[in-house]
Amino acid sequence: MASTEESETGGAAPESTPGDLQSFAVALRRTNGEINRLVHGFALAQGLHPTDVQALSVVLDSPEPLTPGRLREHLGLTSGAVTACLDRLERAGHIRRSRESADRRVVHVHYVEGAKAAARSHFMPLAQAAERARGRFDADELAVALRFLSALNEELGELRVPRR
């Protein structure tokens, strides 16, 4: 039987049992790879960098107005890299920056409503695949899967990325 190290570097995968860490790691890497493939396709079609698409996701999912500083912290980029990213996204018509606060130094980043249609169209196959996969599970199984993903995202959100 191959070691965990061998399977992570392309060797034969070890036998696994449902729920073991190795099985989750392989499945999560594969999911990440498939989603990245779609993200890179969207970036190419829109004349963007994949990091720009990652930034768009953060803007879209932010529960409150997003500032460039919070985006920088989330992505682990320098302030100059975030500015360049926001410049590209603004030129491409995906975001707008505004000064809505009493403190005019505070800039908020907003996803332009019309630009969401391009993303929806491109990522529709992802939504359809997710819906087909969801159809294979009952409500209780989906609740557990969602609880796991939420807990994993919470744990990952606590990790600090090195600043560039």
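Residues numbered from 1 in each chain as written. Predicted model: local features only at pLDDT ≥ 70, side-chain atom pairs only at ≥ 80, totals over all residues. Heavy atoms only, no water.

A. Region of interest: the nonpolar core. Core analysis: the biggest nonpolar cluster contains 22 residues, and Leu56, Leu71, Leu86 and Leu89 have the highest contact counts within it. Of all the elements in the fold, those that place two or more residues in this core are α2 (21-46), α3 (50-61), α4 (68-75), α5 (79-91), β2 (108-111) and α6 (113-134). The element that contributes the greatest number of residues to this core is α3, accounting for 5 residues. If we ignore the near neighbours within four places in the chain, the residues touching Leu56 are Phe42, Leu48, Leu89, His94, Ile95 and Tyr111. (Core = buried A, V, L, I, M, F, W, Y, C linked by side-chain atoms within 4.5 Å. Buried < 20%, exposed > 50% of the residue type's maximum accessible area, 1.4 Å probe, protein only. Helix = DSSP H or I, 4+ residues; strand = E, 2+ residues; numbered from the N terminus. Contact = heavy atoms within 4.5 Å.)

B. Broad picture of the packing of aromatic side chains. Enumeration according to the criterion identifies 2 aromatic pairs in this entry. Here Phe24 and Phe148 contribute two aromatic rings whose centre-to-centre distance is 4.9 Å and whose plane-to-plane angle is 45°, an arrangement assigned as tilted. Here Phe24, found in helix α2, pairs with Phe148, found in helix α7 (residues 139-158); they are 124 residues apart in sequence, far enough to count as distant. For Phe148, a relative accessible area of 33% corresponds to the partly exposed category. An angle of 45° between the planes, with centres 5.2 Å apart, marks the rings of Phe42 and Phe123 as tilted. Of the two residues, Phe42 sits in helix α2 while Phe123 sits in helix α6, which places them 81 residues apart along the sequence. Phe42 gets classed as buried once you look at its relative accessible area, which sits at 1%. The ring of Tyr111 carries the charged tip of Lys116 above its face, separated from the ring centre by 5.8 Å. (Phe/Tyr/Trp six-rings, centres within 6.5 Å; stacked < 30°, edge-to-face > 60°. Lys NZ or Arg CZ within 6 Å of the ring centre and 35° of its normal.)

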